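Notes for the structure review
Read off the chains here:
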Amino acid sequence: MKKNLILLPILFGFFIMGCGGDILSTTMLRIRQECGLSDMVAGALPMMIYVWFVLISIPTGILCGRMGRKNTVLLALFTSVVAMLLPLAANAERFWIYFLAFALIGISNTMIQAALPALMANVVPSDQLTSRISLGQFVKAICATVTPLVALAASKLLGNWKYMFLIYGMLSLVSGLWLLLVKIPREESEGPRASFVSSVRLLANPYVLAMAGGIVCAVGADVGFDLLIPEYLKGIFHVDTDLAATGPTVYFFAKMTGAFLGAFIFAYVSPAKCFPVAAGFAIVATVSQYFAPSPMAFLVLVAIASLGLSNLFGMCMGLAIDHLPAKANEISALMVMAIVGGGFASLAKGCMQSLFGARGIVLVPLACLVYLFGLGLYAARSARKAANK
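Read on for an overview of the structure. Since the structure is predicted, the reported quantities are computational estimates derived from the model, not experimental observations.

1. So, the overall build of the protein
Summing up its helical and strand segments, the protein has 18 helices and 0 strands in all. Against the globule reference of 21 Å for 389 residues, the protein gives a C-alpha radius of gyration of 20 Å, in line with a compact fold. Taken over 389 residues, the protein has a buried fraction of 52%. Taken as a whole, the protein presents about 17000 Å² of accessible surface, with 70% of it coming from carbon and sulfur. Across the protein, the centroid of the 26 positively charged side chains sits 8 Å from that of the 15 negatively charged ones.

What follows is the structure, given as structure tokens:
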């Protein structure tokens, strides 16, 4: 019971993680309209968040080894507080403040994503880690679901949509103070301290490298579906543009549901056994989308695919850390850095759509899921070998 109580502020940290990652799509159009930004300048704004996955993921893992995982998460949360307050001072003349704010949000979000799963390993048994990471992903998905509503409420009830930043800043502060007051056992330092070279060298381990590829493909499939759904509804079924734009809600709601279910399933069933089943489940649903006779049938199949995909990110992260628990800081950082690779799904989407039309976009998440299915078979086989030793 005590460890479950300790886990609560860590899970709340996953909600703050969602604030940083999912706030962009809700605010981009509003910022562009307020500041009159050109396509090129507006297009650079998302980079202020995502570039940090490459630049500071591994340094965050090193920082965890130097100052501890809890202190690293605290630093990230209090950075989030500052970042969320900055947009309140931005306007059309001071649009650069948005860029500074989103850069700090990106730094904070990267640090939280790299350090929080490793911190969870301090209080969760190794065989329960994937289950708890899936529970954290569920909490993160709640944030993705409510963020547009928070922006709407801030606009209608408080008079300015930018007060959503103030709300999330206050939540970041609460999260930081809560974690600060909870005593979490400090991880034991084993062997030499982590460095950039020692972190990258872990990619020489075939299992770690395969799981890093799994993160790339899990994020790639996620991005692929997000881009696919409105384009498919509009291009194949000729659904109205505004209605088609709401289609991804089905995907994200199903993903949230799947993450919630996964937290319970993985408490009793090995994640390695579930991995190929979940990926295969998603592949069947994705292929079936080609034969969907109506928009409703298509969305049902999207929801089914989302259920299969919902825990693959958490499984890759949890299994990689469980494989080398003494290297949790470095592995967690490497896995987070691999998130950037999922951005290539956007480029692949454009190529497939130009070659094959809206139906071609399905090939992007499908290709990612095929790799994940193979990875699942590899993880299951590795787990059986380990059990037989």
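We are not done yet, so read on.
2. What about the pattern of salt bridges?
In this structure the tally under the stated criterion is 3 salt bridges. Among the salt bridges present, the one from Lys162 reaches Glu34, with a minimum N-O distance of 3.4 Å. Of this pair, Lys162 sits in the loop between α7 (129-157) and α8 (163-181) while Glu34 sits in helix α1 (residues 2-35), placing them 128 residues apart in sequence. The partly exposed category is assigned to Glu34, whose relative accessible area is 27%. Here Lys327 and Glu330 are joined by a salt bridge, their closest N and O atoms 3.9 Å apart.

3. A short note on the packing of aromatic side chains
If you walk through the whole model with that rule in mind, you get 14 aromatic pairs. Ring geometry for Tyr251 and Phe252: centres 5.2 Å apart, planes at 80 degrees, overall edge-to-face. Residue Phe252 is classed as partly exposed on the basis of its relative accessible area, which comes to 27%. Here Phe260 and Phe264 contribute two aromatic rings whose centre-to-centre distance is 5.2 Å and whose plane-to-plane angle is 70 degrees, an arrangement assigned as edge-to-face. Of this pair, Phe260 and Phe264 both sit in helix α12 (residues 248-265), 4 residues apart, roughly one helical turn. The class for Phe260 is partly exposed, based on a relative accessible area of 35%.

4. Some words on the nonpolar core
Of all hydrophobic cores here, the largest spans 123 residues; its most connected members are Met211, Phe275, Phe298, Met335 and Leu372. The element best represented in this core is helix α10 (residues 206-235), accounting for 15 residues. Not counting the four nearest positions on each side in its chain, Leu372 is found in contact with Gly214, Cys217, Ala218, Phe275, Ala279, Leu309, Leu312 and Cys316.

5. Focus: the packing of α10 against helix α14 (residues 295-309)
The angle between the axes and the distance between the axes are what describe a pair of packed helices. Running from N to C, α10 and α14 point in directions that differ by 170 degrees, and their axes come no closer than 12 Å. The pairing of α10 with α14 is recorded here as roughly antiparallel in orientation. Contacts between α10 and α14 pair Ala218, Ala221, Asp222, Phe225, Leu228, Ile229, Tyr232 and Leu233 from the former with Pro295, Phe298, Leu299, Val302, Ala305 and Leu309 from the latter.

6. Some words on the environment of Tyr163
Along the polypeptide, Tyr163 turns up in helix α8. Apart from the residues lying within four places of it in its own chain, the contact partners of Tyr163 are Leu88, Ala154 and Leu158.

7. Topic: a nonpolar patch on the surface
A surface patch of nonpolar side chains, amounting to about 800 Å² of accessible area, comprises Phe260, Leu261, Phe264, Ile265, Tyr268, Val269, Phe281 and Leu307. With 4 residues, the top contributor of residues to the nonpolar patch is α12. The residue Tyr268 is located in the loop between α12 and α13 (271-288) in this model.

8. Side note on the side chain of Ser57
Mapped onto the fold, Ser57 is located in helix α4 (residues 57-67). Other than its neighbours up to four places away in sequence, Ser57 contacts Trp52, Thr110, Ala114, Ala333, Val336 and Met337.

9. A look at α8
With 19 residues, α8 extends 27 Å between its outermost C-alpha atoms, agreeing within 8% with the 27 Å of an ideal straight helix rising 1.5 Å per residue. Among all positions of α8, only Met164, Phe165, Tyr168, Gly169, Ser172, Ser175, Gly176 and Leu179 are buried. Along the axis of α8, the buried residues cluster in a sector spanning 140 degrees; they form a single face.

10. Quick notes on the packing of helix α5 (residues 69-85) against α8
Between α5 and α8, whose axes approach to 8 Å, the crossing angle comes to 160 degrees. Relative to α8, the element α5 lies roughly antiparallel. Pair α5 / α8 crosses with left-handed handedness. Between α5, through Lys70, Val73, Leu74, Leu77, Phe78, Ser80, Val81, Met84 and Leu85, and α8, the contact on the second element is made entirely by Phe165, Leu166, Tyr168, Gly169, Ser172, Leu173, Ser175, Gly176, Leu177, Leu179 and Leu180. For the contact of α5 with α8, the class distribution of residues is 14 nonpolar, 5 polar and 1 charged.

11. Observations regarding unusual backbone geometry
Phi angles above zero are rare outside glycine, and His238 is one such case at about 55 degrees. With respect to the secondary-structure elements, His238 resides in the loop between α10 and α11 (241-245).

12. Some details on the environment of Gly136
By the secondary structure assignment, Gly136 is in helix α7. Through-space distance from the C-alpha of Gly136 to that of Leu372 is 21 Å; in sequence the pair is 236 residues apart. In contact with Gly136, not counting residues within four places along its chain, are Leu11 and Phe14.

Rules used throughout
Residues numbered from 1 in each chain as written. Predicted model: local features only at pLDDT ≥ 70, side-chain atom pairs only at ≥ 80, totals over all residues. Heavy atoms only, no water. Helix = DSSP H or I, 4+ residues; strand = E, 2+ residues; numbered from the N terminus. Rg over C-alpha atoms; globule rule 2.2 N^0.38 Å. Buried < 20%, exposed > 50% of the residue type's maximum accessible area, 1.4 Å probe, protein only. Areas by Shrake-Rupley, 256 points an atom, 1.4 Å probe, with all protein chains shown as cover. Lys, Arg positive; Asp, Glu negative; His and termini not counted. Charge placed at Lys NZ, Arg CZ, Asp CG, Glu CD. Salt bridge = Lys/Arg side-chain N within 4 Å of Asp/Glu carboxyl O. Phe/Tyr/Trp six-rings, centres within 6.5 Å; stacked < 30°, edge-to-face > 60°. Core = buried A, V, L, I, M, F, W, Y, C linked by side-chain atoms within 4.5 Å. Contact = heavy atoms within 4.5 Å. Axes fitted to C-alpha atoms, helices over the stretch in contact; angles between N-to-C directions. Parallel < 35°, antiparallel > 145°, perpendicular 65-115°, else oblique. Patch = residues over 30% accessible without salt bridge, like charges linked within 9 Å, V, L, I, M, F, W, Y side chains within 5 Å. Expected span 1.5 Å × (residues − 1). Arc of directions from axis to C-beta. Left-handed = near helix turned anticlockwise from the far one by under 90°. Nonpolar A, V, L, I, M, F, W, Y, C, P; charged D, E, K, R; others polar.

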